[in-house]
Structures are given as C-alpha cells and as structure tokens.
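Summary of structural features
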Amino acid sequence: MNEVILRAAKISYSYDGNDPILKDISFSLRRGESLGVLGPNGGGKSTLMKIIAGLLKASSGEIFFNEKSLTAYAHYPFHLFSYVPQSSELNPTMPVKVKEFLDFSISLFKIKNPQLIDELLDLVGISHKKNSLLSMLSGGEKQRVLIARAMIQKPQILLLDEPTKGLDSKGQDQLLNLIETIKKRDGTAVMIVDHNINQIIKSCQNILCLNRNYHWHDHKDFLTKNILEDIYHCEFEHLLIHEKDLNAENPHNHHFCEHDHDLAPATTSHPFIRRKP
Amino acid sequence: MNTFFSDFFEYDFLLYALLGTVFLSMTCGLISPLIIARKNAFMGAAISHSTLLGLAISLSLFEASQALLVFLSTLMITIFLTLFLAYSTFRQKLPNDSLIGIFYNATMALGIIIHTLFAKDQSDLLSFLFGNILLLTKEDLYLSLIILIITILVILIPMKKWLFLTFDEEGAITSGIRAQIYHYTFFVLLAFLIVTSIKLAGTILVETLLLVPGFFALKFSTNIRQTFAISTIFSTVFAVIGIILANAFGLPSGATLAVVLFSALLLSLLIKRVYDLLR
C-alpha cells in the first residue's frame, strides 16, 4: 500500500468566532490515490480545501504532509501541492493570454524548458488555444488551463475545488477523465471537491462526506446510501453507489436535493439517485 | 502659441513643472492598469483624500515654503493612514468599500478642522486641493524622478508576480507568492505617488491621473504589454498637454489635467463607437 502523503487530524474551523463550519475533521490521502469530497453546498468542502491549501488557517487540528506536521515546516510547503481554484475566481480585467498565464508560474518556479507550455497544453488538450485570451475561453477550457498551470511544478498532490462547476455532462466527464489520466501518468495524489457524486465515487478510491460538524471518511466500498442521505439531509431512492451499478447505466445525471438549486436537473427521473417525493 | 512652449524653457519653475509632470504621469501610467485590475480605484481615492489630514497637520507644523518638511511630514502621516487601510482590507470577508468610504470622509473632515484651527496660512489649502504648478520646486522634480525609479523597480521588474496576483490571487498565494507583502507594498507606493503628485494635480483630482490612463488602456489594448505601454503614453502625452494649457490660460493644473485626460478618454470612446458602427 502506498504511503500516506496528506493527513488531517481533527481539523476545526469557524469564521470570525461563529459556530464552527468544520469540527474535528480527519482524513488521509495516499500517494497515487484520490480522495473525493462530497457534501451539500455550505457544508465546508471548499473551506476544508482552502485550509489544506494554506489559504485559511484551521482554528485547531493538525495537518501532515508526508507524515511531517505543518508545524515542523519553516514555510508552508506550497511546493508539494498545486491548488486549482474555481475558474470563476479568475479576474478577467487584464487581457492575459493562455501562454502568458502559464508563463507567470514558469517564471516563478524558474523552470528552463521552452517546450513546457506546449507540452502542458497538449496534455490538457487545448494546444490550439495557446495565443487566446483567457477571458475568451469557455468554462471547461479555463479549467483545463488551470490544471495545466497546476502541473508546472509537478506536484505530489493536486487540490481541485469544484473543477466541473458550470460544465455540462460531457465537459464534466472529459475533465474528470483528464484528471484520471494525470493521476495515472504522474502518480499524483488528488483531492477533489465536486458535486458530481457518480463520477466522484467512480474515480476516487476514498470518499470524504462532509456537512459542517458531521463527516464520514473511508474507502468508497464502505459508503452506503444512509451515509449520503445523512450528509445531504435528504432521502434518496434507488441510490446505487458502487462501480458495478454506476457502470450499468448512464452516469451523467446528478442527484437532486432542495438545497442544491443550482444543480437542479431538467427531469426528476434520475436512474440512480432520486429524492423521495 | 509659441509662448506656451517658450515659457517652459524661460522660467526654471515651469521647466521643473513640465519635467515633473512627465515623470509623474509616466509613473501614474505604469501603475494605473494595476489599480483598476486589482479593483483598488476606491482605495486610491481614499488615500488621496486622506492626504488632506496629513497636509493639514504638516501645514500646522511648518510653513508652506518649507516644501521638503511639508512633503516628508505629509508622506509619513499618509503612509501610516494607508497602512491602517491596507491592514483593514487584506482578504476580508466584508466588502472593503464601506470601510474605505467611512475612512476617507472622516480623515478629510478631520483635516479641514485641523487646517481651520491651526494652519499657519489659511490660503494654502486650495492649491493643495486642486493643484498649482507654481508650488513645484526643484526638490519636487527630484522626488518625481525618485518615485518613477521606485515604481520601475517595484512594479515593472517583478511584473509577472503582480499580474499573477491580480489575475488569480489564490493561485498565486498557493504558488508561494507572499500576497500580503505585495498588498502593503502596492499601497505604500500608491501613497508615495499620491503625496508626490499633490502639488501638480491636487488631493481631490490626483485620482484622474491614476485611473483614466489605465481605463483607456484596458479598453483598447489586446495584450498585457500593449496595456502598460498605451497607459503610460496616454498618461504622459495628455498630462503634458494639460500642463501646457494650465500655464497658457492660468488655470489650476489639477483641474486642467483632469479635464484634458477625461476629454481624451471620452473622445476616443466616441471615435471607437463610431468606428465599430461603421465597420
């Protein structure tokens, strides 16, 4: 079994002294494996991701990179991981081209490889967009550029915050397949927050279900319908979460809960996960 | 018309004003696109308005003729106020504009009261509010050159880091860029630039020099290099035209610069609109 590359022990976090949004969250991630973080909106998924990425400081708890506590590092070990924010957080005011955007990081890490931009854009499948303005790209293309940027420093861990947000079913599948390719090619560990339950369960070895104070973390084989219902605070019928079930029919549809308005599907006849009437 | 130009070579103080305008407008042109892209336009207004408090205190302590002492004292007070604002607005959850709005009204009000009660010469304030090239000295020219050199060193050389932070702040932080240092550096530089530009443009109108060139450049440019080049050229050309007109017609320099820059922006937007329609 691969060694643990990232471990969180009893992480808690609250904004400005309010009720904790995260309480005693523990999980681990092994080299070359992936951890899918599921849960409803406002459940603390992105907050947890930002804590791991060093953008927020946990109120309590400890984080270990390669079994070395953060407190033992002189500086935050940014070199070990790459964080991919949601593409909607990019500032579109400046006319930045794709190649210029990648060059910001290449210059920062002082990498001397004139072919690197072409290689990265080839990897993510948008080499024809090299000279395009980032602001002119579609959501999926922007996300691919962000993933290309994340691979510049060959990270041990890839942290992805809702990479499929705003993409259609095809775009979501293509992007998650790309992440799977990178994982296999480089042995990169992946921690991914996403709303696409089916795809996450399919592609991740471990699942972290998170809803504020409550969380569940284990191998995906131990995930049950009850656990997901508890996390999402709603009941599902025909919840078939294991790979054999997912492969059986169309995996593109999402679950639907009242609090996930932005993910409301066009129909309620979901083949796998459907809210009870 | 010829005297418009010959004046600048005949009188030393006008030559200082002209060269000072070139240096300051180049600096403003270089920094302007970043101010807009980083969404710091209102912050710039807050710093420029809060210089009035620094000025009021300085003019209570020194005579207006003690230019360097007034400058240094105003600069120190403004940097202190700016650091407070920068600290209060770094990656905060609440929108920054409310605090900035409260802050700049309060400091400006306090400045006016202090000036009314304690200023050694009540007549100076108007010149500082709207700019007066007659106040520019040789020292101001050196200061303008210093701020240009500092801006080139601080902004132009590590430009990719500034752009990375501006375009994707979280990505930049997690790539190891220390955003907090850049945040404070940017505002201290802005405070320095604004205090240096007060005599030329005035505390109320210096914002025009900081915003119009960048706005123009971001509207018309198609890549990053072009953005900064256009902003700097636009700023320098129209600031020089403004200062020449201010001298020719005896107008306040800040107001003339503001009107010239704004007119150039408006005219170019109009021409672009007509061009787009005809195309």
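As a reminder, the structure under discussion sits directly above these lines.
These numbers were taken from a predicted model, which means no experiment stands behind them.

**Quick look at the overall build of chain A**
Across its full length, chain A holds 8 helices and 12 strands. By residue count, 52% of the 277 residues in chain A fall in the buried class. For chain A, contacts bridging at least 24 residues in sequence account for 66% of all contacts bridging at least 6. Summed over all atoms, the accessible surface of chain A reaches about 12200 Å², with 49% contributed by carbon and sulfur.

**Quick word on the pattern of salt bridges**
Residues and elements named next belong to chain A. Applying the stated rule across the entire model yields 11 salt bridges over all chains. In this structure, Glu-3 engages Arg-31 in a salt bridge whose closest nitrogen and oxygen atoms are separated by 2.8 Å. Here the residue Glu-3 occupies a position in the segment before strand S1 (4–13), and Arg-31 occupies one in the loop between strand S2 (22–30) and strand S3 (34–38), the gap between them amounting to 28 residues. Given the relative accessible area of 28%, Arg-31 is considered partly exposed. In this structure, Lys-129 engages Glu-141 in a salt bridge whose closest nitrogen and oxygen atoms are separated by 3.8 Å. Of the two residues, Lys-129 sits in the loop between helix H3 (116–124) and helix H4 (139–150) while Glu-141 sits in helix H4, which places them 12 residues apart along the sequence. For Lys-129, a relative accessible area of 22% translates into the label partly exposed.

**A few points about the sheet that holds strand S7 (residues 157–161) of chain A**
Within a sheet, each strand pairs with its neighbour through backbone hydrogen bonds, oriented either parallel or antiparallel. Residues and elements named next belong to chain A. Strand order in the open sheet formed by 6 strands is S6-S7-S8-S3-S9-S10, with mixed pairing between adjacent strands. The two strands at the open ends of the sheet, each matched to only one other strand, are strand S6 (81–84) and strand S10 (214–219). Across this sheet, the average inter-strand angle for adjacent strands is 10°, counted without regard to direction. Note that S6 and S7 share 4 bridges and pair parallel. Of the residues in S7, the one forming a bridge with Phe-81 is Ile-157. Of the strands in this sheet, S3, S6, S7, strand S8 (189–193) and strand S9 (206–211) touch helix H1 (residues 45–52), which is tilted by about 145° from S8. Together, S3, S9 and S10 form the strand contacts of helix H7 (residues 225–232), whose direction differs from that of S9 by roughly 35°.

**With respect to the environment of Leu18(B)**
Residue and element names in this part refer to chain B. Secondary-structure assignment places Leu-18 in helix H2 (residues 12–37). We classify Leu-18 as buried; its relative accessible area is 15%. With 115 residues separating them along the chain, Leu-18 and Ile-133 place their C-alpha atoms 9.0 Å apart.

**Side note on the pairing of S3(A)**
All names here are of chain A. Burial runs high along S3: 5 of the 5 residues are buried. The two faces of S3 match: Ser-34, Gly-36 and Leu-38 on one face and Leu-35 and Val-37 on the other face are all buried. Across 4 bridges, S3 lies against S9 in parallel orientation. Across the sheet, residue Gly-36 finds its bridge partner in S9, namely Ile-207.

**So, the packing of H2(B) against helix H12 (residues 224–249) of chain B**
Residues and elements named next belong to chain B. One way to put it is that H2 packs onto H12 with a least axis distance of 8 Å and a crossing angle of 150°. Taken together, the axes of H2 and H12 are roughly antiparallel relative to one another. Two packed elements cross with a definite hand, and for H2 against H12 that hand is right-handed. Residue-level inspection shows Leu-14, Leu-18, Thr-21, Val-22, Ser-25, Met-26, Cys-28, Gly-29, Leu-30, Ser-32, Pro-33 and Leu-34 of H2 in contact with H12, the latter providing Thr-227, Phe-228, Ser-231, Thr-232, Ser-235, Thr-236, Ala-239, Val-240, Ile-243 and Asn-247. Split into classes, the residues belonging to the contact of H2 with H12 amount to 12 nonpolar, 10 polar and no charged.

**Remarks on the sheet that holds strand S5 (residues 68–69) of chain A**
All names here are of chain A. Sheet architecture is open: 4 strands sit in the order S2-S1-S4-S5, paired in antiparallel fashion. The strands lining the two open edges of the sheet, one partner per strand, are S2 and S5. With 6 bridges connecting them, S1 and S2 associate as antiparallel partners. Directly across from Val-4, in S2, lies its bridge partner Arg-30.

**What to know about the interface of chain B and chain A**
Note on interface size: it is often stated as the accessible area lost on association of the parts. Taken residue by residue, the interface counts 28 residues in chain B and 29 residues in chain A. Approximately 2500 Å² of surface area, both sides summed, lies buried where chain B meets chain A, with 67% of it carried by carbon and sulfur atoms. The largest per-residue losses of area from chain B upon contact with chain A belong to Phe167(B), Glu170(B) and Thr174(B), which jointly make up 31% of the total buried on that side. One can count 3 salt bridges joining chain B with chain A. Here Lys160(B) ties to Asp103(A) by a salt bridge, and the two come within 2.6 Å at their closest N and O atoms. Our enumeration of links across chain B and chain A arrives at 8 residue pairs in polar contact (both at pLDDT 80 or more). Among the secondary structure elements, those contributing two or more residues to the side of chain B that touches chain A are H2, helix H8 (159–167), helix H9 (169–173) and H12 of chain B.

So, how was this worked out
- Residues take numbers from 1 onward in each chain, read along the sequence in its written order.
- As a convention, the first chain written is A and the first ligand written is 1, with the rest following in written order.
- For a predicted model such as this one, the threshold for reporting local features is a pLDDT of at least 70, and the threshold for listing and counting side-chain atom pairs is 80 or more; totals across whole chains, interfaces and linings nevertheless cover every residue.
- Side-chain metrics rest on all non-hydrogen atoms present in the structure, leaving aside hydrogens and water.
- Each helix is a run of H or I in the DSSP string that is no shorter than four residues. Each strand is a run of E no shorter than two, and both are numbered from the N terminus.
- Relative accessibility under 20% of the residue-type maximum defines a buried residue, over 50% an exposed one, and the middle range a partly exposed one, all with a 1.4 Å probe and only protein chains included.
- Any pair of residues with heavy atoms lying within 4.5 Å of one another is described as a contacting pair.
- Residue exposure ignores everything except the shown protein chains as possible cover, and the areas themselves are Shrake-Rupley values with a 1.4 Å probe.
- Salt bridge, as applied in this entry: a Lys or Arg side-chain nitrogen positioned within 4 Å of an Asp or Glu carboxyl oxygen.
- In this scheme, strands are said to pair when DSSP sees at least two bridges between them.
- Between N-to-C directions, angles cover 0 to 180 degrees, with each direction set by a line fitted to C-alpha atoms, over the stretch in contact for helices.
- In what follows, roughly perpendicular refers to angles from 65 to 115 degrees, roughly parallel to angles under 35, roughly antiparallel to angles over 145, and oblique to any angle outside these ranges.
- Handedness of a helix crossing follows the sense of rotation of the near helix relative to the far helix, less than a right angle counterclockwise being left-handed and clockwise being right-handed.
- Note on residue classes: Ala, Val, Leu, Ile, Met, Phe, Trp, Tyr, Cys and Pro are nonpolar, Asp, Glu, Lys and Arg are charged, and everything else, Gly too, is polar.
- In short, buried area is how much 1.4 Å probe accessible area vanishes from two parts on joining, totalled over both.
- Polar contacts here mean pairs of N or O atoms no more than 3.5 Å apart (in protein, one a potential hydrogen donor and the other a potential acceptor; neighbouring residues in sequence count only if both atoms are side-chain atoms).

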